[in-house]
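Here's the letter readout for the chains.
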Protein chains: 2
Amino acid sequence: MVVFNALSDPELDQLFRALADTTRRDIVARVLGGEGASVSTLASRYDMSFAAVQKHVAVLEGAGLVTKHRRGRERIVRGNPERIARARELLVRLESLWRARFQQLDNVLADPEPGD
Amino acid sequence: MVVFNALSDPELDQLFRALADTTRRDIVARVLGGEGASVSTLASRYDMSFAAVQKHVAVLEGAGLVTKHRRGRERIVRGNPERIARARELLVRLESLWRARFQQLDNVLADPEPGD
DNA sequence: ATTAAATACAACCATGTGGTTGTATATTAG
DNA sequence: CTAATATACAACCACATGGTTGTATTTAAT
């Protein structure tokens, strides 16, 4: 029995993989929180080469988490919150599986478990 | 009492990386949805070796998404929904960054953007 | 027209990842 | 006891990832 169609979606692999890096999560937070930023502006804030940051942005772009827009010789990176919402939706569904399971056992998490 | 402490960056890296694989997300869904499953029971459902599934479970365990409990010669894998909740929390926060940003600029999305 | 800035892209390297097979250990069954 | 089962773990392989440097291209500034 297939529990979730969405679990086999390779886009989800890409999405979670893109989020599995501190630098990339930080980039996402920056471009969502601000007015967007050029790649070089982003690169100046991290202790790595421009090309490395460029690659991180490319990974985020491939996962659909950010978009790039030309502005003169710069590329402005902006967040795409819809993808974040999609990842959140999946986790909410996973959580609701748990809630359905443990609704009757609300002391499970509070119980200190004797080690085996 | 469950403490709602934030996960460190390396822990978050591990968490998202663990979720960035279809087989592992499926394992999480199975052990959250049911009463837990032995590693060999899980392995029988995937088209890969026992050792491969064993490794996937180890990755999930390292990320704190599942726990293993001995039962005779079996190891029962159970979900740890707390970690899923923490990942969701992060995504909710990322989303709320976006909402705060575009609340005052609700015409931004309406702007026709020349594609590059 | 030159030069500088921002980016793109390729080559390369070290390490990690996802899979395999093989072997060893622990536990249950007979 | 022996045999079968479930797991653990190591070695190995192909490929991806995250970083580097170097070079080319596009755009802006002078």
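Preceding block: the structure.
Residues numbered from 1 in each chain as written. Chains lettered and ligands numbered in written order. Predicted model: local features only at pLDDT ≥ 70, side-chain atom pairs only at ≥ 80, totals over all residues. Heavy atoms only, no water.

All names here are of chain A. Given a rise of 1.5 Å per residue, 12 residues ought to cover 16 Å, and the 16 Å separating the end C-alpha atoms of helix 2 (residues 22–33) matches this to within 8%. Among the residues making up helix 2, those that are buried are T23, R24, R25, I27, V28, V31 and L32. The N-cap of helix 2, judged by a side-chain oxygen 2.9 Å from the amide nitrogen of T23 a few residues on, is D21. (Helix = DSSP H or I, 4+ residues; strand = E, 2+ residues; numbered from the N terminus. Expected span 1.5 Å × (residues − 1). Buried < 20%, exposed > 50% of the residue type's maximum accessible area, 1.4 Å probe, protein only. Polar contact = N/O pair within 3.5 Å; in protein donor to acceptor, adjacent residues only side chain to side chain.)

This part takes up the packing of aromatic side chains. Using the criterion set out here, one finds one aromatic pair over all chains in the structure. Ring geometry for F16(A) and F16(B): centres 6.2 Å apart, planes at 25°, overall stacked. Within this pair, whereas F16(A) is found in helix 1 (residues 10–19), its partner F16(B) is found in helix 1 (residues 9–19), the two belonging to separate chains. For F16(A), a relative accessible area of 0% translates into the label buried. (Phe/Tyr/Trp six-rings, centres within 6.5 Å; stacked < 30°, edge-to-face > 60°.)

This paragraph deals with the side chain of S38(A). Residue and element names in this part refer to chain A. Mapped onto the secondary structure, S38 falls in strand 1 (residues 37–38). Within the structure, S38 has its side chain in polar contact with the side chain of T41 (distance 2.7 Å). Discounting residues that sit within four places of it in the chain, S38 has contacts with E74, R75 and I76. (Contact = heavy atoms within 4.5 Å.)

Pairs can form between side chains of opposite charge once their charged atoms are near each other. Counting across every chain of the model gives 13 salt bridges over all chains. Across the pair D13(B) and R25(A) runs a salt bridge whose closest N-O atoms are separated by 2.7 Å. One end of the pair, D13(B), is in helix 1; the other, R25(A), is in helix 2, on a second chain. The exposure class of R25(A) is buried, given its relative accessible area of 7%. Between K68(A) and E61(A) there is a salt bridge, with its nearest N and O atoms 3.7 Å apart. Under the relative-accessibility criterion, K68(A) is labelled partly exposed at 23%. Since its relative accessible area comes to 32%, E61(A) is described here as partly exposed. Each member of the salt-bridge network shares a partner with another, and the members are R25(A), D9(B) and D13(B). (Salt bridge = Lys/Arg side-chain N within 4 Å of Asp/Glu carboxyl O.)

Close contacts around DNA strand C come from 22 residues, with S40(A), S49(B), K55(B), H56(B) and R70(B) the closest. A distance of 3.1 Å separates a phosphate oxygen of DNA strand C from a polar backbone atom of V39(A). At 3.0 Å from a sugar or linking oxygen of DNA strand C is found a side-chain nitrogen or oxygen belonging to R73(A). Of all elements in the fold, only helix 3 (39–43), helix 4 (50–62) and strand 3 (74–79) of chain A together with helix 4 (50–62) of chain B reach the threshold of two or more residues within the surface near DNA strand C. Of the residues belonging to the surface near DNA strand C, the class tally is six nonpolar, six polar and 10 charged. (Near = heavy atom within 4 Å. Nonpolar A, V, L, I, M, F, W, Y, C, P; charged D, E, K, R; others polar.)

Residues and elements named next belong to chain B. You can see H56 is positioned in helix 4. Side-chain polar atoms of H56 contact the side chain of R24, separated by 3.1 Å. In this structure, H56 is in contact with D21, T23, R24, I27 and M48, ignoring residues within four places of it in sequence.

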